[in-house]
Each structure stands twice: as structure tokens, then as C-alpha cells.
Amino acid sequence: MNQQLAGYAPTPVAARMENHGRTMLKVAMASGQDLYARTGSMVSYEGYITYEPNPPAARQVAQQWATGEGAPIMKCSGDGLLYLADYGADVVVINLQNDSISVNGTNLLAFDAHLQWGVERVKGLAKFAGQGLFNVEIAGTGWVALTSRGTPIVVDCGRGDDETYVDPDALVAWSPALKVKGKRSFKASSLIGRGSGEAFQMAFSGQGIVVVQPSEDSTDRLRIRG
Amino acid sequence: MAREFQRGHKAKISDLTAGTDLYVGVQISAPGLTFDISCFGLDAEERLSDDRYFVFFNQPKTPEESVQLLGAQSGDTESFRVTLDRIPANIHKLSFTATIDGAGQMSQIGPGHLRIVAGGEEVARYAFTGSEFSTERAVMLGDFYLKDVWRFAAVGQGFDGGLDALLRNFGGEVAEEEPAVQQQAAAPGFAPPPQAATPPAFGAPAAPAPAFGAPQAPAPAFGAPQAPTPPPAPAQPVHATPTMVAPVAPAPVPPPAPAPAPYGQQPPQQPQYGPVPGQYPGQGQPPQAPYGQAPAPYGQAAPAPYGQQPPYGQQPGVPQGVPQGVPATGAGLAAALAPYKETATGARWTPQNQQLMRVDLAMGGTPVLARQGSMVMYQGKVDFSHKGAGFTGRIVGNATGQEMQLMRCTGRGQLFLAEEGAHLHPIELQGDGICVSAESVLAFDESLQYEVRRIEGHGIPGGALFTMQFQGTGTIVVKTHGVPVVLPVTPTTFADCNAVVAWSSASQVILSSQVRLRRNAYPGHSGETVNLQFRGAPGNFIVVQPYEV
């Protein structure tokens, strides 16, 4: 029986964070190197790892995110191998080398605790859905893992004079250096039930990248279930 | 996902992926055998006219780095990075081969594969097993070859003679055959005795996957400390050194690197977690046993289970406790995201990956009609407006269920369309027609005409089936849940009416109901009662998705 399953055995650990398949993240944990991960994203671990939901440190930073019930982040510490996943979403591992990236709150899976991070509410953008759009800005040198529903695409802004417009539901991450603003593409006709379905976009301008997922499903599955 | 190839199958690379930066992974293994996997860059006469294009462990890349050896990773015994558009013009073929180092024959190998990964996604896989071979000692697994465009062929042809026969086949000269063969002979020679069972210089390759369930491999392989094998992670630097600098590479423990060793290099051990549950928390195993050695891996030394073992970062706070190797793609934000970069071709419709479609509205000039809400991003000036179906259209739509909520996208700019991560397939119509169920249409050129077509038959709930028929010249993007199958229409082609997505409109659709007496007398009848049968001239096709709406 194991013969058929052998292909799914973990590969040798080569880095702090790695993909196991497309949709699972493998993190090599060691004491002293804590990790912040989305609450409820752990699917398995091997070794001695402890979890602290809503840690005080995170509470400070993520004050804005906390909508009463605390930030949906847990601190993982210990030794061993930790496997994280978000309901079959693709996982993208990024090794920051003194870079910074702004990630949509629901698309963040895990990041090294020693990175600098902060939670911001994107100004001027209250999503009609209710929870608002939060993004986590992460900077420094270390590892970050994002999730994306489907294979994401990375687009360079600042190729021309034109701005890049993104459906907020499909947005995954962007360079913090970009200027962001909301754009309403309402027309009078939209008000009488003839909308194009694209009423609202985020406009990015400047030099940097935007990561977009091929799905407008931005439901926070981890949170809904938790 | 990946397209499955059989021996002899061929395909254009451009049909598999839009990208030209490919990862080729080969997994081949057999208990106790080691393999040398290499890539030959051949000229138009299928000769190895330039030995710099023989990429193997001793020559990990071609001069302009169009073919690079990456080492073992992600379950592959060996992997290459191939940048098609950098391959020089005199190279017409890249042949990927595997040869057994030492004694043995190909019939011993377990299930293996050659796969192509582009943009982080596996696009092709050619699987093989030892039963396809006999006494061969070398095998040509697959080729990239240039015939107008780059194509991929699954070859699977064996050679009895091993690497030298292979070299001779490619017109390699004795001069280069010598060093190559010598090195292979040399490799196991200087390997320290305990390592005998592990592959010589490449270390990691053969060990992981195959041995997992196979009882024969474990014992000799990791009874001895495995640390000497160089960690597989930072592929290039490691592989650049191995056999040339004999004493350095496989001999001692490389000081900063041992971290990767304990976990990964002995996956064969994992099954043993199960059988010995009792030993788990703290039963006295000699504490000095290194993590990977004893069958109860966690067992020893409960008080400081991890801390005292070298593999797991003894000094808290020291960043080296965990492997800090960089991913194969390189370090940094840009490198991590490079596989997902936008691919720009000159075409109007460009699939960015399986789930995202880019339309360049400036090209061609006709507006695009897309399903409402399917825009995920756009650059430039694009205007979205409601596209009404018209009065009759609404009536027909309501009555038939074949209604599309569309928006018209006009302007000059690039528009990215996707919906719910569904797989997207652009179909270019040149005067011909295609029938698509309305809910499977993502977008199409406004130049196409479409109408609702009715398929009559008994036994369908509601009395009849309706589809949209598209005709004219232009492109239509069809979405499917999951990887679809495209079947040629034969005299006996049937499909579930809920799973069929599209068919070429020249084929004729008949309804076939399975009439069975007392069908409902059985509580568990098959549920497959109404099927669509397709008839048509050769060349017609149907598209079926693995999802019944």
C-alpha cells in the first residue's frame, strides 16, 4: 500500500518554508524561531510545537484587524515540522531579502515572527462585504507564505502611464511602494440594475508588482470555520 | 493538471504551456542502484557535435545556461531547468537520458516519471515502470526537439550498453566518453564504506521516494550516519563540486549544513513511526543515538528531546538552527514570484496559466463580451458596460435557462479574466461552430454570433436541453471545473448531459436513454439514465468536465 503513497512522502528539508505539493506548506521549526500563522491553518505537525492563539505581541500590532475577537493569528513555537494549508488554496512561498510586501489579510498564511509587520486598513476602501479590506505589511529578511485560490499571476505596474486596476476580491498582495486608491466605475445605468458586475476596483500606480488570484472568492475560510 | 504521456506520444510545448522556462524533473530509482541522469544537446543530425551541451553531474550547465542541472528536489531524482528561447540555433534536440551506474538493469526500476513543470504547475508527465524494460542499462526517457517549434516526445527507448552505448548513439567521441565513464566508476570508489548503499556523489537522489515502502532498501541505507551526503537543497553549488573535488564533497560532515539531513533524507523511516508507538514519548533509547538512526526516532531522551540532537538547532535563537537555504528559484521577493510572472505574447488571447486569461483589447479592436464579474484585473483604459440580451433574448433566456449575464469590455488595454479558479480554454473559431452550455462560457469576441439551440428528446427533465451555439470568426473562452477530457466523436460516444461542456456543432446530438424494465424497482439504480450520444464526421470532438453541474 505504501508503494502508491510513497510519492507523497515529505521531501528533504531544504529551507525554512517549502511547498509540499501545490497546496501545502511545510515549515521547519526550531526553538527561537517562532512563526506567526493564521489560526486554524495547521493541518499536521511532527515534533514538539506549541500554539498560542491571539498572542499579546500580535494583539498590539494587529489592533486594527481585531474586530472584537482578536487577530486571527497564532504564534507557533517549538521544534519539528509544521504543515499548514488553507482549504486547498495554492501556497506561494516567498523568501524576503530585505524586501517588503503588502498582503491581503485573508491571503496570508504564515510568516517568520522576526519580520517587521503591521496591519493597515486600506484607506478609502470599505468593502461592501462588510469586513473591510485589511492588509498586512511585512518587511525584512525572512520567509512569508501566501495563499491564492488558483495559480496566481504577478503583474508589473509602472510599465506605462496607465494604472493597474484590480478587483479587490481577487487581490492577493502588492508592493507597498505602490500608490493605492479606490476607483468606482459606476455609471448611471448601474443604478437601475444594469451593472457590469465590476463596480469597484483598486487602482495601483508607481513601480512595483501586484499579485492577483484567478478567483473572486475571497471568503476567509479559516475564519468562518473557526 | 499534467497531461499524461505514453511512450511515443508527442506534443508541441506551446500546447502544454505558454512559458519557455521549464523545469524538467526525472524520477527513476531502484533498490540498490544509482542512476546518472543527463541531458544531451544534439544538432540537426542528432549528433553531440559540441560536448559542452552534454549536461550531467560534472557539467551542470551549458555555456549560455539554457540547460541547467538543478539536482534532486520535490521528489525528483534529478531535475533540469530548460530555457527554450535561450537554446542556441544549432541545437535541435535535447535528449533526457538515465543510465545505471554500475551493474543492474532497467527492469529493476520502480515506477518513475519524467515531468515538465512550467510556471509552478506540472504540465506534462510521462510515467514508466521497470516492466517496460528488460536488460537495458541506459534509457532515453524523453526529447525536446525542434520541428518548426519546440516539441516534447516521450521516448522510453532503452540501450543495452549503458552510457557508452548511448554516447556512441549520439556520435560522442571516445575522448569524451572516457572521462565520463571514468568518473562514474570513480564515484563509488571513494565513497566511504558506510555510504555504499547510498548513491555516490549525488547523494540524495535515489534514496527518498522509492525506498519508502520497499523493505529491502532501508536497513543498509541508513543504519549508518547519513550526514556525509551533501544536502540536496542548494542545488547548484553542491553539484558543481561533487566528483571533481573528490575528497571534499562526500567525505566529512559539512559543518553548517547538517540540518536538512535528519528529516528528509530518510523518509524511508517514516513508516516505522506507526509500528512502535509505545516508544514515542520517552522510553530509554541511548540518548546519543542521532535522530535518524533508531527505529523510534523521537524516542530517546525525553527531557530534551530535540535540543540535544544536532539536527534541530541546538542554540535557540541562532538563525542557523533551521535550514535557511534559499528556494531553487533564488532568494528575494522577485525570484519567489518569478514563476507567476505575466507572460506576454503578441496574441490577443493569452492564457496566463490554467485559470487566468489575458485579453489585449488593443489588438483586433473588437470588444469582448465577458461574464459579469469575471474581471480580476486590467491595465490601461478599459470600459465595462452592461450587455443586455435584448427583449427577445431575455424571453428566450428565461425560458431555456441559457442566459448569460454579460458585460461588454471596450477600450485599449490588457484585461485579465478568471472565475472561481475554473480552468479556462480558449477555442479559436474560424468560420466553424461550437455548442457550449451557457454557464460554461467565460468570454468571447463580440464578432461571434450566438444563438440558443434546442436538443430534443424524451426523458429529460423539462422536455428538452438547450445550449448556446457560437459561430463565426473569433475566440471563445470556455471554462471547466477541473481538467476536461476532449473526446473525438466516434460512432459510440456518449456523455452525461450534466458533465458535457462543449462540442463542435457539426456533430449531431442524439439522446440515448437507458431503458430498463423496472428501473425504479431497485432503490440503487445507476443514476445514469439520460445520456447524450454524439455522431459526426471524424474531426469532431466533445469536451467533458469532471464535474456534474
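Values in this document were obtained by computation on a predicted structure and should not be read as measured data.

**As for the environment of B:V489**
All names here are of chain B. Tracing the backbone through its elements, the reader meets V489 in the loop between β22 (485-488) and β23 (493-496). We classify V489 as buried; it has 22 C-beta atoms within 10 Å. Setting aside residues no more than four positions away along its own chain, V489 makes contact with S507, F534, R535, G536, N540, F541 and I542.

**Let's talk about the pairing of strand β12 (residues 149-159) of chain B**
Residues and elements named next belong to chain B. Of all eleven residues in β12, eight are buried; the element is thus mostly enclosed. Sheet topology note: the strand β2 (residues 10-12)/β12 ladder contains three bridges and is antiparallel. Along β12, the bridge assignment pairs K12 with R151. Bridging between strand β11 (residues 138-147) and β12 involves nine bridges; their strand directions are antiparallel. When the bridges of β12 are listed, M140 appears paired with Q157. What sits between β11 and β12 in their antiparallel hairpin is a turn of one residue, with D148 showing a positive phi close to 65 degrees.

**A closer look at helix α9 (residues 390-400) of chain B**
By the criterion of burial, α9(B) is predominantly exposed, with just zero of the eleven residues buried. Positioned one or two residues after α9(B), B:G401 has a phi angle of 80 degrees, which is positive.

**Things to note about the sheet that holds strand β6 (residues 67-69) of chain B**
All names here are of chain B. Read across the sheet, six strands follow the order β1-β10-β9-β3-β7-β6 without closing on themselves; strand pairing throughout is mixed. Edge positions in the sheet fall to β1 (3-5) and β6, since each of these pairs with one other strand and no more. Neighbour-to-neighbour, the strand axes of the sheet open up by a mean angle of 20 degrees, direction not taken into account. Pairing between β1 and strand β10 (residues 121-128): three bridges, direction parallel. Each residue of the ladder has a partner; that of F5, found in β10, is Y126.

**Side note on the nonpolar core**
Counting residues in hydrophobic clusters, the biggest one holds 106 residues, and the most contacted among them are A:V212 and B:L417. Considering every element that reaches this core, the biggest residue donor is strand β6 (residues 90-104) of chain A, with seven residues. Contacts of B:L417, omitting those with residues within four sequence positions, involve B:M357, B:V359, B:A370, B:S374, B:M375, B:V376, B:L442 and B:A443. One finds B:V55, B:A124, B:W150 and B:L166 within the second-largest nonpolar core, a separate group that totals 57 residues.

Rules used in this analysis
- Residues numbered from 1 in each chain as written.
- Chains lettered and ligands numbered in written order.
- Predicted model: local features only at pLDDT ≥ 70, side-chain atom pairs only at ≥ 80, totals over all residues.
- Helix = DSSP H or I, 4+ residues; strand = E, 2+ residues; numbered from the N terminus.
- Buried ≥ 20, exposed ≤ 12 C-beta atoms within 10 Å, placed from the backbone.
- Contact = placed C-beta atoms within 7 Å.
- Pairing = 2+ DSSP bridges.
- Axes fitted to C-alpha atoms, helices over the stretch in contact; angles between N-to-C directions.
- Core = buried A, V, L, I, M, F, W, Y, C linked by C-beta atoms within 7 Å.

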